[in-house]
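Here's the letter readout for the chains.
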Amino acid sequence: MTEETDEVDRIVGAWSAQRPDLDFSPLEVLSRVDRLSRHLDRARREAFRRSDLESWEWDVLSALRRAGEPFHLSPKQLLQQTLVSSGTMTNRIDRLVGRRLVRREADPGDGRGVIVVLTEDGRVRVDAAITRLVDAEAILLASLSTGERDRLAGLLRKLVLEFDHLA
C-alpha cells in the first residue's frame, strides 16, 4: 500500500531533484507544522468570531478564566501570561473594559494596585469560545488515534521546550 502524498512531499521532491546535495528532512517536518498552523489559525479565528471575540481578547479573557474563581489577575500577571508589552496590555484592558468583558477593581491586597476581573458576559463568551475551539481542534485531529495524538503531543512538547530554552 502506498502512502498518500501532500504538497510538502511535492515541494521536497522538487527541491531534492534540484539540490540533491541538501538534506530536506527538516522541511518535511516543519513545513507541515507551518501548514497545520495555518489551518489551526483559521479554525481558531472562526471559533472566536462565533463568540464575538478577537484573538487578543481571547488571550486575556482565557487567562482570567483559567485563574479560577473569582476570575481575576493583576495586570502584571496578565502580562506574564500573554507575553505582550505593558502599554499593549493597558490598551487591551481598556478596550475590554469598554466592551464590558472585564472590569478594574482595587487590589484588596495592595491599596495602590488594581486587579482585572472577568465579568459575567466575559465568562459566558470565553466559555463559548473554548467549547467551539476544542470542537474545531478535535476535527483537525480526527484522523489520528488517541495514541497517535499522545505521541505527537509528546514530540511537539519536546521540540517546543527546546525552542523555549533557547529564547
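Small disclaimer: the values here were computed from a predicted structure and weren't measured. (Residues numbered from 1 in each chain as written. Predicted model: local features only at pLDDT ≥ 70, side-chain atom pairs only at ≥ 80, totals over all residues. Heavy atoms only, no water.)

### A few points about the layout of surface pockets
To find leftover empty space, a probe the size of one water molecule is rolled over the atoms.
And step 1. Reported here for the largest pocket is a volume of approximately 1200 Å³.
And step 2. For the lining of the largest pocket, the element with the most residues is helix H2 (residues 25–50), which contributes 10 residues. (1 Å grid on protein atoms, 1.4 Å probe; cavity = no way out; pocket = protein on both sides within 12 Å on 5 of 7 lines; lining within 4 Å. Points joined across faces, edges and corners; volume = space filled by probe spheres on them. Helix = DSSP H or I, 4+ residues; strand = E, 2+ residues; numbered from the N terminus.)

### Quick look at the pairing of strand S2 (residues 102–107)
And step 1. Where S2 meets strand S3 (residues 110–118), 6 bridges bridge the pair, whose relative direction is antiparallel. Bridging across to S3, Asp107 finds its partner in Asp110.
And step 2. Once S2 ends, the chain turns through 2 residues before running back antiparallel as S3. (Pairing = 2+ DSSP bridges.)

### Regarding the UniProt feature "domain: HTH marR-type" (unreviewed entry) in the protein
And step 1. When the UniProt feature table is mapped onto this chain, "domain: HTH marR-type" (unreviewed entry) is found at residues 26–161.
And step 2. Annotated as 70% helix and 12% strand, the span residues 26–161 places its first and last C-alpha atoms 18 Å apart. (UniProt positions renumbered as here; feature names shortened; annotations may be inferred.)

### Some remarks on the environment of Thr88
And step 1. The residue Thr88 is located in helix H5 (residues 86–98) in this model.
And step 2. Thr88 sits in the partly exposed class, given a relative accessible area of 31%.
And step 3. A distance of 2.9 Å separates the side chain of Thr88 from the side chain of Ser85, its partner in a polar contact. (Buried < 20%, exposed > 50% of the residue type's maximum accessible area, 1.4 Å probe, protein only. Polar contact = N/O pair within 3.5 Å; in protein donor to acceptor, adjacent residues only side chain to side chain.)

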